[in-house]
Number of protein chains: 2
Amino acid sequence: MTALEIQAAAVREASRTLALASTETKNAALEAVAQALLLREEEVLAANAADLTAGLENGLKDAFLDRLALDHGRILGIVDGVRQVAALPDPIGAVLKTVTRPNGLVIEKRRVPLGVAGIIYEARPNVTVDAAVLCLKAGNAVLLRGGKEAFRSNQALANIMRDALTGVGLPADCVALVQDTNRESASEMMNLTAYLDVLIPRGGAGLIRAVTQNAHVPVIRTGEGVCHIYVHKEADLDMAADILYNAKCSRPSVCNAAETLLVDRAVAKDFLPLAVEKLGAKSVKLYGCPETCVILPQALPASAETWDTEYNDYILSVKVVGGPAEALAHIALHGTGHSEAIVTGEERTAVDFLNAVDAAAVYWNASTRFTDGYEFGLGAEIGISTQKLHARGPMGLEELTSSKYVVYGQGQVRE
Amino acid sequence: MTALEIQAAAVREASRTLALASTETKNAALEAVAQALLLREEEVLAANAADLTAGLENGLKDAFLDRLALDHGRILGIVDGVRQVAALPDPIGAVLKTVTRPNGLVIEKRRVPLGVAGIIYEARPNVTVDAAVLCLKAGNAVLLRGGKEAFRSNQALANIMRDALTGVGLPADCVALVQDTNRESASEMMNLTAYLDVLIPRGGAGLIRAVTQNAHVPVIRTGEGVCHIYVHKEADLDMAADILYNAKCSRPSVCNAAETLLVDRAVAKDFLPLAVEKLGAKSVKLYGCPETCVILPQALPASAETWDTEYNDYILSVKVVGGPAEALAHIALHGTGHSEAIVTGEERTAVDFLNAVDAAAVYWNASTRFTDGYEFGLGAEIGISTQKLHARGPMGLEELTSSKYVVYGQGQVRE
């Protein structure tokens with residue numbers, strides 16, 4: 001066995017104890033994590049300072065260093081997140097259904113933990129705690145593999161969590177941090193089918209693609225978002241401009257931000273100048289179809305890649321369409337199944353759009369930016385699934401569980 | 001685009017229409033399939049005869065030819081299965097939950113089809129219809145890839161289903177049969193991530209391993225079953241012998257059959273001879289641990305592979321254990337997460353076992369042979385999932401669906 005296999009086997013073993021832990025024990029563990037983070041803040045900040053120094057020496061960019069950096073405020077934010085998760089209802093143990101069969105067997109479908117979750121992530125050390133506590137609350141042990149630039153910070157955070165677990169009588173190995181941060185360890189982790197029940201990549205599109213392409217452990221794909229705002233001819237154009245501005249500009253770096261505006265030809269001449277006026281506040285750059293470029297001379301001509309590009313920036317693709325059918329066909333071809341919105345005052349058109357669009361979340365007269373575990377009332381979120389198996393859309397605690405059938409007999413045999 | 005990509009794209013396109021079809025239309029399609037199978041039985045039997053002739057010429061074994069063969073009775077069985085699926089409730093469209101958020105957004109979680117399912121299977125042509133109609137009822141288009149030995153039969157069955165679909169106004173491409181039956185087409189299909197939402201292999205362990213190892217489309221792993229019967233010292237030994245006999249001998253070729261008996265040392269000397277007497281009716285061959293071999297001289301000594309072997313035959317592995325802890329440890333190490341049973345009269349021990357065992361189905365005083373969609377009351381089954389993501393245990397219509405969030409606003413924007 002390799003070092004990673006030995007570590008993963010220990011996590012799997014710990015998961016058997018954690019799966020049977022009471023809600024009280026799990027909540028006590030989370031509160032112990034919160035307190036230890038506050039008590040041992042200096043240790044975390046010192047490790048983080050060493051990561052930052054090494055990062056500077058290695059010429060990491062400012063944006064990267066900013067994601068990597070921790071300070072008192074960020075630690076308080078992490079602690080607050082831990083306590084929020086502790087306060088959520090425990091999803092484990094709920095009986096999802098019970099049937100009594102004609103032969104007297106009582107069959108109960110019960111919610112149980114997934115077992116062991118693997119998380120592969122990049123530079124943000126807060127993910128180490130955020131992801132781990134969500135897994136723990138849902139009864140799952142977790143094998144964490146963060147980016148090498150944040151290794152010292154992640155190690156300090158993982159040690160604090162492991163000590164807190166031991167303090168409440170749970171195995172330290174309910175949380176483990178992969179010690180090698182080279183590419184080989186990531187590849188090896190993606191194939192630990194004997195020890196991991198699920199793999200959740202958290203990071204940029206490149207990471208997610210690499211994990212999806214290389215893993216044999218089942219993966220939950222998260223976070224690809226080429227989201228559309230479709231402005232129908234019966235839209236309230238002021239509402240549409242507000243929704244578009246919010247969806248594009250309130251936080252362009254995230255996956256639920258809009259990348260493409262589709263607008264009906266019948267209102268394009270009225271709507272596009274209105275939209276541009278709003279978007280001008282953030283100097284949004286535009287790529288448009290030929291008709292758009294006629295109406296908006298400042299728009300640059302769209303290329304073949306335009307409609308499939310997730311900018312994560314103050315850039316918007318704009319296309320004039322003939323009506324709902326063309327909008328739906330465009331979304332079917334270029335959408336990533338994340339979040340799509342229609343703005344219209346016509347109910348029949350809205351209902352058809354809501355039914356026809358194949359995405360995790362479909363909106364009528366609201367911004368796509370609401371696709372989020374907190375905004376949906378799940379209380380927390382480990383990511384937004386853009387696949388259709390297991391979980392779709394914001395993933396909270398319930399999405400980190402599985403089920404099992406428990407069958408009560410009195411000696412029944414078949415046939 | 002390759003021929004397979006063109007075909008898969010057509011299936012994906014057809015799935016968009018099917019996803020919006022009413023229950024009445026889907027049921028009409030299934031009834032049309034049932035009627036057409038009866039009307040065009042000769043066509044199916046002629047194609048099947050050609051497959052059988054070719055199989056004989058190619059020296060296929062009798063058991064293989066038996067799985068391949070269709071006759072009037074088997075056709076009637078297939079038709080009956082189609083009508084049973086038509087009679088089941090439609091899972092699509094159900095509203096799983098609705099929340100109204102403080103900002104006025106109404107968020108509805110709605111059950112929707114998965115989209116396109118790929119089925120890779122072996123020699124049984126009945127799977128062509130069984131799997132397709134389950135997918136259709138759940139609103140999914142299906143791309144079928146059967147074994148080359150059954151190609152003519154599968155083609156006849158697929159044509160009948162495609163014509164029936166057209167007859168009720170649905171696209172023929174809701175059902176499509178892959179035309180190449182070489183290895184390359186299977187590999188290519190496993191990577192059609194742009195067109196397939198899920199891949200379900202149906203067949204032997206080799207097929208399932210190959211698909212799990214090679215697919216990038218999300219796979220649902222089904223049907224590996226190293227199932228255990230654990231006879232606790234407080235068991236009713238006659239009941240235990242009946243359950244063991246049923247679990248081993250009622251149909252040894254299937255995945256929910258028992259492969260291993262674990263028996264408490266305290267009752268081994270009493271129970272093993274009783275068990276052997278029952279199992280003798282089917283001349284069950286035994287592989288035992290050293291203690292078993294002392295009690296039962298006819299048992300052969302177990303090897304290192306014994307405890308991980310799925311015999312699918314009248315063969316049983318037997319191990320004497322010290323008690324529940326050793327039984328649980330053995331199952332954790334050697335079980336495949338399918339079905340496990342304890343026989344005991346002691347409630348506390350039973351409850352601990354039911355909680356601790358990590359499997360799709362865990363039984364107290366009943367045979368593992370009940371793990372089945374029909375026996376569980378699901379009405380039908382496309383397979384038994386042994387993974388924890390998406391579906392676990394027998395998969396019926398609901399397990400062939402996904403969900404989406406539909407959000408109703410009045411112009412809401414975030415922050």
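On a predicted model such as this, the values are computed, not experimentally measured, just so you know.

**Here's the deal with the relation of the copies chain B and chain A**
1) Next: Mapping chain B onto chain A calls for a rotation angle of 180° and an axial translation of 0.0 Å; the resulting RMSD is 0.0 Å. Both copies of the chain, as the preceding transformation shows, are related through a two-fold rotation axis. In terms of C-alpha distance to the rotation axis, chain B has His 390 of chain B as its closest residue, with the C-alpha 1.8 Å off the axis.
2) Next: By residue overlap, the copies meet face to face through one surface: 100% of the interface positions of chain B are interface positions in chain A.

**With respect to the sheet that holds strand E3 (residues 116–121) of chain A**
Strand pairing within a sheet occurs via backbone hydrogen bonds; the two strands may be parallel or antiparallel.
Residue and element names in this part refer to chain A.
1) Next: Pairing in this open sheet of four strands is parallel, and the strands run E5-E4-E3-E6 from one edge to the other. Edge positions in the sheet fall to strand E5 (175–177) and strand E6 (198–202), since each has one partner strand and no second. The average undirected angle you get between the axes of adjacent strands in this sheet is 20°.
2) Next: Sheet topology places E3 next to strand E4 (residues 141–145); five bridges connect them, and they run parallel. Each residue of the ladder has a partner; that of Val 116, found in E4, is Ala 141.
3) Next: Here helix H1 (residues 3–19) sits on the sheet in contact with E3, E4 and E5, set at roughly 150° to E4.
4) Next: Helix H6 (residues 126–137) rests against E3, E4, E5 and E6 of the sheet, and its axis sits at about 165° to E3.

**A short note on the interface of chain B and chain A**
1) Next: Of the residues lining the interface, 72 residues belong to chain B; the matching set on chain A comes to 72 residues.
2) Next: A combined buried area of about 6,000 Å² lies between chain B and chain A, and 52% of that area is made up of carbon and sulfur atoms.
3) Next: Of the charged contacts in the structure, one is a salt bridge between Lys 388 of chain A and Asp 197 of chain B, with a shortest N-O distance of 3.5 Å.
4) Next: Linking chain B to chain A there are 43 residue pairs in polar contact (both at pLDDT 80 or more).

**What to know about the packing of helix H2 (residues 23–39) of chain B against helix H7 (residues 151–167) of chain B**
Residues and elements named next belong to chain B.
1) Next: At a minimum axis distance of 8 Å, the contact between H2 and H7 shows a crossing angle of 135°. Relative to H7, the element H2 is oriented oblique. Pair H2 / H7 crosses with right-handed handedness. Every residue of H7 that contacts H2 at Ala 29, Ala 32, Val 33, Ala 36 and Leu 37 is listed here: Leu 157, Ile 160, Met 161, Ala 164 and Leu 165.
2) Next: Class assignment of the residues belonging to the contact of H2 with H7 gives a composition of 10 nonpolar, no polar and no charged.

**Topic: the sheet that holds strand E4 (residues 141–145) of chain B**
Residues and elements named next belong to chain B.
1) Next: Ordered in space as E5-E4-E3-E6, the four strands form an open sheet in which the pairing is parallel. The two strands at the open ends of the sheet, each matched to only one other strand, are strand E5 (175–177) and strand E6 (198–202). Averaged over all pairs of adjacent strands, the angle between strand axes in this sheet comes to 20°, irrespective of strand direction.
2) Next: Across three bridges, the pairing between E4 and E5 is parallel. Residue pairing for E5: Leu 144 is matched across the bridge by Leu 177.
3) Next: Sitting on the sheet, helix H6 (residues 126–137) touches strand E3 (116–121), E4, E5 and E6, and the angle it makes with E3 is about 165°.

**Section: the pairing of strand E8 (residues 258–264) of chain A**
Residue and element names in this part refer to chain A.
1) Next: Most of E8 is tucked away, with seven of its seven residues classed as buried.
2) Next: When strand E7 (residues 227–231) meets E8, the two strands line up parallel, connected through five bridges. Across the sheet, Val 231 pairs through a bridge with Val 263, a residue of E8.
3) Next: The parallel pair E7 and E8, bridged by helix H10 (residues 237–249), forms a crossover whose chirality is right-handed.
4) Next: The sheet contact formed by E8 and strand E11 (residues 315–321) spans five bridges and is parallel.

**Digging into the packing of aromatic side chains**
1) Next: For the structure shown, the criterion picks out eight aromatic pairs over all chains.
2) Next: With a centroid separation of 6.4 Å and 70° between ring planes, the pair formed by Tyr 408 of chain A and Trp 364 of chain B is classed as edge-to-face. Of this pair, Tyr 408 of chain A sits in strand E16 (residues 401–412) while Trp 364 of chain B sits in strand E13 (residues 361–366), each in a different chain.
3) Next: Assessed through its relative accessible area of 21%, Tyr 408 of chain A is described here as partly exposed.
4) Next: With a centroid separation of 6.2 Å and an interplanar angle of 15°, the aromatic rings of Tyr 287 of chain B and Tyr 311 of chain B are classed as stacked. With Tyr 287 of chain B in strand E9 (residues 285–288) and Tyr 311 of chain B in the loop between strand E10 (300–301) and strand E11 (315–321), this pair connects stretches of sequence that are 24 residues apart.
5) Next: With relative accessibility at 22%, the residue Tyr 287 of chain B sits in the partly exposed group.

**Brief notes about the pattern of salt bridges**
1) Next: Applying the stated criterion across every chain, the model contains 48 salt bridges over all chains.
2) Next: For Lys 388 of chain B, the salt bridge goes to Asp 358 of chain B, with nearest N and O atoms at 2.9 Å. Taken as a pair, Lys 388 of chain B in the loop between strand E14 (383–385) and strand E15 (393–395) and Asp 358 of chain B in the loop between helix H14 (347–356) and E13 lie far apart in primary sequence, 30 residues in all.
3) Next: Linked through salt bridges whose partners overlap, the residues forming this network are Arg 12 and Asp 197 of chain A together with Asp 358, Lys 388 and Arg 392 of chain B.

**Considerations on the pairing of strand E7 (residues 227–231) of chain B**
Residues and elements named next belong to chain B.
1) Next: With five of its five residues buried, E7 lies for the most part within the structure.
2) Next: Direction of pairing for E7 relative to strand E12 (residues 339–343): parallel, over a ladder of four bridges. Bridging from a neighbouring strand, Val 231 pairs with Val 343 of E12.

**Considering the confidence of the model for chain A**
1) Next: Here chain A shows a mean pLDDT of 96. Residues at 70 or above account for 100%.
2) Next: Across the whole predicted complex the pTM is 0.92, and at the interface the ipTM reaches 0.93.

**So, unusual backbone geometry**
Residues other than glycine predominantly adopt negative phi, and peptide bonds predominantly adopt the trans conformation.
1) Next: We note that Asn 365 of chain A has phi near 60°; this positive angle belongs to a residue other than glycine.
2) Next: Note that Asn 365 of chain A resides in strand E13 (residues 361–366).

**Details of the environment of Gln 7 of chain A**
Residue and element names in this part refer to chain A.
1) Next: Along the chain, Gln 7 turns up in helix H1.
2) Next: Along the chain, Gln 7 and Ser 22 lie 15 residues apart, while their C-alpha atoms are 25 Å from each other.
3) Next: Leaving out residues up to four positions away in the same chain, Gln 7 has contacts with Leu 143, Ala 176, Leu 177, Val 178 and Gln 179.

**Observations regarding the side chain of Ser 317 of chain B**
Residue and element names in this part refer to chain B.
1) Next: Within the fold, Ser 317 resides in strand E11.
2) Next: Within the structure, Ser 317 has its side chain in polar contact with the backbone oxygen of Thr 306 (distance 3.5 Å).
3) Next: Beyond its immediate sequence surroundings of up to four residues, Ser 317 is in contact with Glu 259, Thr 260, Leu 261, Tyr 287, Thr 306, Trp 307 and Tyr 311.

What counts as what
Residues numbered from 1 in each chain as written. Chains lettered and ligands numbered in written order. Predicted model: local features only at pLDDT ≥ 70, side-chain atom pairs only at ≥ 80, totals over all residues. Heavy atoms only, no water. Least-squares fit on C-alpha atoms with pLDDT ≥ 70 in both. Contact = heavy atoms within 4.5 Å. Pairing = 2+ DSSP bridges. Helix = DSSP H or I, 4+ residues; strand = E, 2+ residues; numbered from the N terminus. Axes fitted to C-alpha atoms, helices over the stretch in contact; angles between N-to-C directions. Buried area = accessible area lost by both parts, 1.4 Å probe. Salt bridge = Lys/Arg side-chain N within 4 Å of Asp/Glu carboxyl O. Polar contact = N/O pair within 3.5 Å; in protein donor to acceptor, adjacent residues only side chain to side chain. Parallel < 35°, antiparallel > 145°, perpendicular 65-115°, else oblique. Left-handed = near helix turned anticlockwise from the far one by under 90°. Nonpolar A, V, L, I, M, F, W, Y, C, P; charged D, E, K, R; others polar. Buried < 20%, exposed > 50% of the residue type's maximum accessible area, 1.4 Å probe, protein only. Right-handed = clockwise from strand over helix to strand, strands pointing away. Phe/Tyr/Trp six-rings, centres within 6.5 Å; stacked < 30°, edge-to-face > 60°. pLDDT = per-residue confidence, 0-100.

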